[in-house]
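# Notes for the structure review
Each chain, written out:
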Amino acid sequence: MAALVKVATCNLNQWAMDFKGNLARILESIAEAKAAGCTFRTGPELEITGYGCEDSFLENDTFLHSWDSLGEIIKSGVTNDILCDIGMPVMHRNVPYNCRVILLNGKIVAIRPKIFMANDGNYREMRYFTPWYIHPEKPGYGEIESYYLPVRIQELTGQTTVPMGVLAIATLDTVVSFETCEELFTPNSPHIALSLDGVEIIANGSGSHHQLRKLDTRIDLVRSATQKCGGVYLYANMKGCDGGRMYFDGCSMVYVNGDCVAQGSQFGTLDEVEVVVAVVNLSDVRSMRSSFISRSYQASSTPTIHREHINFRLGAKDPMSLAPSPAFKPRIHDPMEEIAYGPSGWLWDYLRRSGMRGYFLPLSGGADSSSTASLVAIMCQRAVEELTTGTERSKKQVLADIRKITRMPTFTPKDANHLASKLFVTCYMASQYSGDETRSRAEDLAQEIGAVHCSIYIDDICAALKDTFVKLKCHSDAIPKEQIKTNPVIKGGTWMENIALQNIQARTRMVMSYFMAQLMPWATDGDNSPGGQLLVLGSANVDEALRGYYTKYDCSAADINPIGGINKSDLKRFLEWTGKNKGIKVLQRVADAKPSAELTGSEGEQSDEVDMGMSYDELGDLGFCRKVEKCGPLSTYLKLRNRWADKTLTPSIRATGDKAPKTKDEQVAQKVKDFYFYNAVNRHKMTTLTPSYHAENYSPDDNRFDLRPFLQCVTFDKQFEAIDNMVAKAAEPAAKKARTS
């Protein structure tokens with residue numbers, strides 16, 4: 001007879017340090033799992049505190065309040081007749097651990113600490129937590145220790161101590177054990193030994209963030225965990241913005257013997273709680289494992305993991321009342337859908353949790369700001385759609401959030417444009433160099449998405465700043481008065497004059513953006529409530545940040561930037577996709593236009609790629625080598641001389657005329673030198689980079705992802721000399737042939 005078990009995993013939109021809100025969402029998820037008839041529920045990593053608490057994990061109060069929340073879960077009675085796996089931090093013998101706490105019938109069954117920490121890229125877990133120690137010369141996963149519960153928990157449960165360590169829970173009919181996030185990604189994952197030792201159900205509580213084109217990797221890992229070893233694997237994850245640059249993208253799932261039988265949404269609805277239920281057949285697990293003879297041979301000599309026995313059955317009393325969940329191919333979004341739904345969800349969470357009145361965007365009509373505007377439009381579309389198609393809980397939450405944001409207690413938007421008109425203001429900040437085409441595109445885009453659109457001229461402000469400099473008086477005797485120049489010009493002047501006057505325009509737009517973000521709610525709706533200003537959105541892409549092709553403290557300096565981790569090539573494809581799939585027709589015109597800053601001339605007269613001396617595609621390749629493949633200048637050259645063998649490169653702006661590179665090897669070498677020079681000389685700008693949605697794995701974000709000095713040696717003498725030597729070596733065969741012919 002089939003051994004059927006109904007299990008639940010979930011996506012939870014937790015918020016760092018929001019103990020009451022996090023608790024409510026956990027209770028809701030357990031209640032939903034019980035209502036669906038599940039006997040086991042797992043949840044995300046550190047779900048009680050939220051994953052992104054960062055240095056708050058160094059505070060004892062965080063551990064204290066975590067136990068308070070766990071006490072409320074125990075007191076509520078929701079753990080009666082359902083085995084629950086909860087993620088929270090635990091302090092044991094004055095050592096902080098990232099743990100899973102297992103509950104059943106108002107008791108704590110065990111505590112399972114994390115053994116392998118995520119400590120690269122965006123993650124710094126070893127700053128806050130200690131890996132559970134396992135002696136390398138002893139078999140298995142170490143000793144089980146006694147954890148002394150806090151007094152208030154002892155009073156609730158009647159327990160003084162509970163087992164703590166890497167263990168399994170033996171029910172009357174199966175065995176359950178656990179992994180936490182990073183442990184799935186390690187070469188020697190715990191699930192290998194656990195499955196060989198007869199553990200049939202493995203639960204993974206995760207805090208995994210969205211990154212473009214990453215989900216298939218995560219799915220492959222879960223699939224392979226059960227494909228080779230057999231078994232049931234439950235994966236739970238956070239969803240949403242929990243207070244930082246990362247967006248957790250859900251996609252909780254259940255796999256059985258390599259097949260997906262349940263999958264939550266990656267972005268999906270705006271519902272804060274999404275419970276994913278599956279009926280799994282343990283008979284299939286046993287059949288697969290027992291018929292895999294070489295696996296059985298390995299299993300016969302595998303060290304036994306400690307089992308904590310409980311008087312509880314996970315299996316259905318009447319197997320005929322259930323049917324196993326059918327297998328299906330997991331859903332993976334197209335990258336353009338990822339760009340549409342990841343950052344737009346991040347924008348929604350950030351806005352509703354910030355307490356601000358909406359968003360303000362300097363809309364230039366170019367690709368970057370138009371992409372940002374499109375994401376706000378998609379955010380509004382999703383919020384309005386939730387009001388009609390969401391769960392009753394979600395409808396109530398989203399409507400309450402809309403009314404809180406707009407400061408309109410009875411407001412219900414008729415459509416997405418109606419909502420945008422109440423929370424989104426755009427402004428075309430024109431100068432004498434602005435073109436009619438960009439102005440037209442900005443106006444058309446704002447009209448299509450429903451934003452409140454306006455325009456200003458910044459020429460008077462720039463002229464006033466320049467006039468102030470003209471009237472400069474120098475009081476030092478060290479410089480002759482007649483030597484001082486005070487009348488810079490943008491055309492016909494020096495490079496220094498040109499750049500300074502371009503930067504005035506860019507920085508003026510930043511100042512006006514913040515000025516208008518504070519005043520526009522008052523100007524348009526008469527809203528003068530405290531905290532009623534708009535959040536300023538930035539629109540610098542990841543490639544421009546890599547190159548340093550923006551003005552420090554210009555209009556890229558904003559509150560948040562939804563496209564700061566997305567490359568230019570993807571943004572162009574996103575504009576085309578959004579125009580076709582979201583009904584914003586003007587976006588095709590935006591995508592077709594050549595990128596231009598319009599600081600010295602209108603679109604067509606000034607080109608970003610000409611100014612930078614490299615194309616956006618070249619920047620993407622260079623950034624990938626530097627960050628993802630961990631290459632210095634020499635290794636970057638050696639990789640790209642092959643990748644770019646058939647590619648025409650843009651001319652260098654540092655090596656021109658007689659010094660311009662001639663051979664392909666020289667061109668690649670010069671491009672690499674240019675990139676590392678500009679990246680180093682502009683590295684100081686990264687320290688003030690607007691907090692951006694993390695989407696690309698070659699992001700130069702200085703805050704947590706790409707840690708480097710902001711004062712660098714820009715000559716790279718040794719590195720560039722090594723490149724020159726390789727270029728000379730590559731030229732030897734051609735030179736030898738020329739000498740002998």
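A brief structural summary. (Residues numbered from 1 in each chain as written. Predicted model: local features only at pLDDT ≥ 70, side-chain atom pairs only at ≥ 80, totals over all residues. Heavy atoms only, no water.)

The next thing to look at is the overall build of the protein chain. Looking only at helices and strands, the protein chain features 24 helices and 20 strands. The principal-axis extent of the C-alpha atoms belonging to the protein chain is close to 95 × 80 × 55 Å. Counting across all 741 residues of the protein chain, residues that qualify as buried make up 57%. Partitioning the contacts of the protein chain with sequence separation of at least 6, the portion at a separation of at least 24 is 74%. As displayed, the protein chain offers around 31300 Å² of accessible surface, 53% of which is attributable to carbon and sulfur atoms. (Helix = DSSP H or I, 4+ residues; strand = E, 2+ residues; numbered from the N terminus. Buried < 20%, exposed > 50% of the residue type's maximum accessible area, 1.4 Å probe, protein only. Contact = heavy atoms within 4.5 Å. Areas by Shrake-Rupley, 256 points an atom, 1.4 Å probe, with all protein chains shown as cover.)

Mapped onto the secondary structure, D271 falls in the loop between β14 (259-263) and β15 (273-281). The exposure class assigned to D271 is buried, which follows from its relative accessible area of 4%. Within the structure, D271 has its side chain in polar contact with the backbone nitrogen of V273 (distance 3.4 Å). In terms of polar contacts, D271 uses its side chain to reach the side chain of R393, at 2.9 Å. Among all residues touching D271, those that are not within four sequence positions of it are K239, E386, T391, R393 and S394. (Polar contact = N/O pair within 3.5 Å; in protein donor to acceptor, adjacent residues only side chain to side chain.)

Let's shift gears to the nonpolar core. Within the largest apolar cluster, 61 residues are counted, with the highest numbers of intra-cluster contacts made by L347, Y359, M379 and F424. In terms of residues, this core owes the most to one element, helix α11 (residues 367-389), which gives eleven residues. Ranked by size, the runner-up nonpolar core spans 54 residues in total, among them I30, V78, V166 and Y233. (Core = buried A, V, L, I, M, F, W, Y, C linked by side-chain atoms within 4.5 Å.)

One pass over the structure, following the stated rule, counts 43 salt bridges. Two residues, R218 and D249, come together in a salt bridge whose shortest N-O distance is 2.9 Å. With R218 in helix α7 (residues 215-227) and D249 in strand β12 (residues 248-249), this residue pair connects regions lying 31 residues apart in the sequence. Assigned by exposure class, R218 and D249 land together as buried. Measuring nitrogen to oxygen at the nearest pair gives 2.6 Å for the salt bridge that ties R357 to D525. A residue pair is termed long-range when its members are at least 10 positions apart, and R357 in the loop between α10 (335-354) and β17 (359-362) and D525 in helix α16 (residues 495-525) qualify at 168 residues. (Salt bridge = Lys/Arg side-chain N within 4 Å of Asp/Glu carboxyl O.)

In this section: the packing of aromatic side chains. If you walk through the whole model with that rule in mind, you get 15 aromatic pairs. Their ring planes at 65° and their centres at 5.9 Å tell us that Y51 and F248 sit as a pair that is edge-to-face. Here the residue Y51 occupies a position in the loop between β2 (40-42) and α2 (60-76), and F248 occupies one in strand β12, the gap between them amounting to 197 residues. When the centroid spacing of 6.1 Å and the interplanar angle of 50° are considered together, the rings of W346 and Y350 count as tilted. Here W346 pairs with Y350, and both are found in helix α10, just four residues apart, close to one helical turn. When its relative accessible area of 26% is taken as the criterion, Y350 is described as partly exposed. Put simply, the rings of Y247, F267, W346, Y350 and Y693 pair up and form one aromatic cluster. The aromatic ring of Y550 is capped on one face by K685, whose charged end is 5.3 Å from the ring centroid. (Phe/Tyr/Trp six-rings, centres within 6.5 Å; stacked < 30°, edge-to-face > 60°. Lys NZ or Arg CZ within 6 Å of the ring centre and 35° of its normal.)

Attention now goes to the sheet that holds strand β20 (residues 535-536). Pairing is parallel across the open sheet formed by four strands, whose spatial order is β19-β18-β17-β20. Each edge of the open sheet is held by one strand with a lone partner, namely β19 (452-457) and β20. Where strand β18 (residues 424-430) and β19 come together, six bridges link them in parallel fashion. Bridge assignment links A430 to a residue of β19, and that residue is Y457. α11 rests against β17 and β18 of the sheet, and its axis sits at about 155° to β17. Lying over the sheet, α16 contacts β17, β18, β19 and β20, oriented at roughly 135° with respect to β18. (Pairing = 2+ DSSP bridges. Axes fitted to C-alpha atoms, helices over the stretch in contact; angles between N-to-C directions.)

The subject of this paragraph is α7. Taking 1.5 Å as the rise per residue, α7 with 13 residues should run 18 Å; its terminal C-alpha atoms sit 18 Å apart, in good agreement. Restricting attention to buried positions, one finds in α7 the residues L215, R218, I219, V222, A225 and T226. Looking straight down α7, one finds its buried side chains confined to an arc of 125°; they lie on one side. (Expected span 1.5 Å × (residues − 1). Arc of directions from axis to C-beta.)

What follows covers unusual backbone geometry. Unlike most non-glycine residues, M17 shows phi in positive territory, near 70°. As for its placement among the helices and strands, M17 is situated in the loop between β1 (4-12) and α1 (19-35). Here Y553, not a glycine, exhibits a phi torsion of approximately 65°, which is positive. The topology assignment puts Y553 in the loop between α17 (542-547) and α18 (568-581). Exposure remark for Y553: the relative accessible area of 45% places this residue in the partly exposed category.

This part covers the pairing of strand β13 (residues 253-256). Burial of the side chains of β13 extends over both faces: M253 and Y255 are buried on one face and V254 and V256 on the other. Taken together, the four bridges between strand β11 (residues 232-240) and β13 define a ladder with antiparallel strand orientation. Across the sheet, residue Y233 finds its bridge partner in β13, namely Y255. With four bridges connecting them, β13 and β14 associate as antiparallel partners. Within β14, the residue paired with M253 across the bridge is Q263. Counted along the chain from β13 to the antiparallel partner β14, the turn is two residues long, and its residue N257 has a positive phi close to 50°.

Turning next to the packing of helix α21 (residues 616-628) against helix α23 (residues 664-681). Their axes nearest at 11 Å, the elements α21 and α23 cross at an angle of 75°. Here α23 runs roughly perpendicular to α21, going by the angle between their axes. Packed against α21, whose contacting residues are E618, L619, L622, G623 and R626, the element α23 presents K671, V672, F675, Y676 and N679 at the interface. Here the contact of α21 with α23 is built from residues that sort into five nonpolar, two polar and three charged. (Parallel < 35°, antiparallel > 145°, perpendicular 65-115°, else oblique. Nonpolar A, V, L, I, M, F, W, Y, C, P; charged D, E, K, R; others polar.)

Look at helix α22 (residues 633-643) against α23: their axes get within 9 Å of each other, and the N-to-C directions meet at 140°. Compared by their axis directions, α22 and α23 come out oblique. As α22 packs across α23, the resulting crossing turns out to be right-handed. Contacts between α22 and α23 involve P633, T636, Y637, L640 and R641 from the first element and D665, V668, A669, V672 and Y676 from the second. Looking at the contact of α22 with α23 residue by residue, the class counts come to seven nonpolar, one polar and two charged. (Left-handed = near helix turned anticlockwise from the far one by under 90°.)

The terminal C-alpha atoms of α2, which comprises 17 residues, lie 25 Å apart, in line with the 24 Å expected from a rise of 1.5 Å per residue. Within the span of α2, buried status applies to T62, F63, S66, W67, S69, L70, G71, I73 and I74. On its buried face, α2 is in contact with α1, β3 (83-92), β4 (95-104), β5 (107-113), β6 (145-148) and α4 (151-157). Backbone geometry just after α2 places G77 at a positive phi near 85°.

The class for R218 is buried, based on a relative accessible area of 0%. Note: C-alpha distance between R218 and Y235 (17 residues apart in sequence) is 9.9 Å. With sequence-adjacent residues up to four places away left out, R218 is seen in contact with F185, S208, H209, Y235, N237, D249, G250 and C251. At 3.5 Å, the side chain of R218 forms a polar contact with the backbone oxygen of H209. A polar atom in the side chain of R218 sits 2.9 Å from the side chain of D249.

The analysis is restricted to geometry; functional conclusions fall outside its scope.
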